[in-house]
Amino acid sequence: MTTTDFITELGIAVPGKIISEPVNCGAGLSYENENGVSDEDSFMLVTENVSAHEYRDFLNELKQTGREETFHREYNGNIFSELTNGKGLIYTYYTGALNTARVIFDRVSTPLSDFEYRVEETRDDTLLMQFALKYGKMIRHKSCDCGMLYALRLRDNSLVVIDGGESEQATEEACDEIMERFYAMTGQDRNEKLRISLWVCTHNHDDHMDVFVKLLRREREKITLERVMFNFPSMSLMPSDYSCTKRLKERLEAFYPNVKMLKAHTGEIVNIPGAQFEILTTHEDILPVSYRARFGSPYRGMNESTTVFKIWFDDCTAIFLGDAEETNGEALIALYGKNLLSSEYLQCAHHLINDDRNIYGSIRSKTLLIPQCRYIGDTHDMDNTTFLRGLFGSENMYYAGDCTYVFRIKDGMKSVERFEQKGYFYDNSEL
């Protein structure tokens, strides 16, 4: 898509100075061809030197083209808006600290109002699980030093699953234990289907997908999957192995054809019973190009494409960083300042590998959830571990390699249960 094509489809001029030609921000559930192109590609135009007054005028002009504003939010000098004309979505937002505007043709997302849902709440608490994946030295087809899987049991007794582990962690015993924890969290009989109301993926690296994608096949008779939320970059922008993404989309198409999709955008608020999701930053914030870009890509690597989000539940909050890097931290600071973000729980970025001092210095949190084992933290990543101990204290750092932790939160009060890790070295079972 050219700038001319973009402006023609938009129907009005954009405010400020256009930085580059429209950027392909990636597809949704459809398959991309060998050139990284699909019929669901979203395109974004970025402009600079925009004032808040100019941006508000732009939004008013968009509404005059026959589009209805279906979401509007303002925070810390930023303005976020979703508009639709019944044929497609436009998501647009203004970053006040940078005087930049982004306008996105979103070809795939369900409108926020249709993606959200309301049902009766049947529980009076929420459970947050950090699952104990097996961590060890990175030896292909044997063991893995990364991966993460989290789950929330909400007040409507449905589950929200966040990410999933690496293929080496996807043993039959580990999958059995995940299902055991899911059933225990919901209190359901083994003959009942589990409701996963939402799966959220921070980025399309296999160590954040493979275990869950295996469950989609293995447990398809026991799982109902209603919604998925992610924002993966276009293959045309980042040379990488996308086999895990292809496998995900194939299984969603085969086993969950009616699943609703949301391509998460910065500033969105998603409400589901007993919880609220706030999208803090996505890879779209560092496009059209990261200052750390290399290898002909606009990104340093796939980790820069991480979606960072905050969840509100039971007078409590959790922020998930995925594999965020310093550039993602800079986007967070530009949007929210250095001291406005806070949470009870904070997921440690990139399995202790990234130091991300700008993020940890900007988000005030009490409890650090670490998707890594203690041994690797105390050896290979000792400098980062020492730094984080100084911020959180050892007693507030929970390692996924120790055991499965299930935190019970009721009216802001917290308790924790521990369950033995199950699943060891990869058993060569089908993914």
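As a reminder, the structure under discussion sits directly above these lines.
Values in this document were obtained by computation on a predicted structure and should not be read as measured data.

Here is what the cut-offs are and how they apply
Residues numbered from 1 in each chain as written. Predicted model: local features only at pLDDT ≥ 70, side-chain atom pairs only at ≥ 80, totals over all residues. Heavy atoms only, no water. Disulfide = S-S within 2.5 Å. Buried < 20%, exposed > 50% of the residue type's maximum accessible area, 1.4 Å probe, protein only. Axes fitted to C-alpha atoms, helices over the stretch in contact; angles between N-to-C directions. Helix = DSSP H or I, 4+ residues; strand = E, 2+ residues; numbered from the N terminus. Parallel < 35°, antiparallel > 145°, perpendicular 65-115°, else oblique. Contact = heavy atoms within 4.5 Å. Nonpolar A, V, L, I, M, F, W, Y, C, P; charged D, E, K, R; others polar. Pairing = 2+ DSSP bridges. Arc of directions from axis to C-beta. Phe/Tyr/Trp six-rings, centres within 6.5 Å; stacked < 30°, edge-to-face > 60°. Lys NZ or Arg CZ within 6 Å of the ring centre and 35° of its normal.

Engineer: Help me out: how do you make sense of the state of the cysteines in this one?
Structural biologist: By definition, a disulfide is the covalent link that joins the sulfur atoms of two cysteine residues. Applying the stated rule across the entire model yields zero disulfides. There is no disulfide at C201, and the cysteine sulfur nearest it, in C244, is 8.1 Å away. A relative accessible area of 3% means that C244 is categorised as buried.

Engineer: Got a minute to help me understand the packing of helix α4 (residues 172–186) against helix α5 (residues 210–218) in this structure?
Structural biologist: A pair of packed helices can be characterised by two numbers: the angle between their axes and the separation between those axes. Following both chains from N to C, one finds α4 and α5 inclined at 80°, their axes separated by 11 Å at the closest point. As far as their axial angle goes, α5 and α4 are roughly perpendicular. Residues E172, C175, D176, I178 and M179 of α4 form the contact with α5, whose own contacting residues are V211, K214, L215 and R218. For the contact of α4 with α5, a count of residues per class yields five nonpolar, no polar and four charged.

Engineer: Looking at this model, I keep getting lost on unusual backbone geometry. Mind explaining?
Structural biologist: When glycine is set aside, most residues are seen to have a negative phi, and most peptide bonds are trans. Geometrically, the link from L287 to P288 is a cis peptide bond, its omega value of 15° lying close to zero. On the secondary structure map, P288 appears in the loop between β16 (275–281) and β17 (308–313). Residue N157 is not a glycine yet carries a positive backbone phi of 70°. By secondary structure assignment, the location of N157 is in the loop between β9 (148–153) and β10 (159–164).

Engineer: I'm lost on the sheet that holds strand β19 (residues 341–347) in this one. Help?
Structural biologist: Hydrogen bonding along the main chain pairs the strands of a sheet, whether they run parallel or antiparallel. If you trace the seven strands from one edge of the open sheet to the other, you get β15-β16-β17-β18-β19-β20-β21, paired in mixed fashion. Each of the sheet's edge strands pairs with one partner strand only, and the pair in question is β15 (269–272) and β21 (397–399). For this sheet the average axis-to-axis angle between neighbouring strands, irrespective of direction, equals 25°. Pairing analysis gives five bridges linking β17 to strand β18 (residues 316–320), with the strands arranged antiparallel. Looking at β18, one finds that F313 is bridged to C316. Contacts from helix α7 (residues 326–336) reach β16, β17 and β19 within the one sheet, and its direction differs from that of β16 by about 110°.

Engineer: What's the story with helix α1 (residues 3–10) in this structure? I'm lost.
Structural biologist: In an α-helix, one full turn covers 3.6 residues, which means residues spaced three or four apart are oriented alike. Inspection of α1 places T3, F6 and L10 among the buried residues, and these make up the whole buried set. The arc that holds the buried residues of α1, viewed along the axis, is 60°, so those residues lie on one side. Seen from the open side of α1, the exposed residues pointing more than 90 degrees away from its buried face are T4 and T8. Contacts made by the buried residues of α1 are with β1 (17–18), β3 (42–48), α2 (52–63), β6 (89–95) and β7 (100–106). Looking one or two residues beyond α1, the residue adopting positive phi is G11, at roughly 90°.

Engineer: Whenever I open this one, the packing of aromatic side chains confuses me. Can you help?
Structural biologist: Here the distance between the centres and the angle between the planes together describe a pair of aromatic rings. Throughout the structure, instances matching the rule amount to 18 aromatic pairs. Taking the centre distance of 4.9 Å and the plane angle of 15° together, the rings of W199 and F212 count as stacked. Taken together, the residues W199 in strand β11 (residues 194–200) and F212 in helix α5 connect sequence positions 13 residues apart. Taken together, Y150, F277, F309 and F320 form an aromatic cluster joined through their ring pairs. When the ring centre of F419 is taken as reference, the NZ or CZ atom of R181 above it lies at 3.8 Å. Across the ring face of F387, the terminal group of R357 is positioned such that the distance to the ring centre comes to 3.8 Å.

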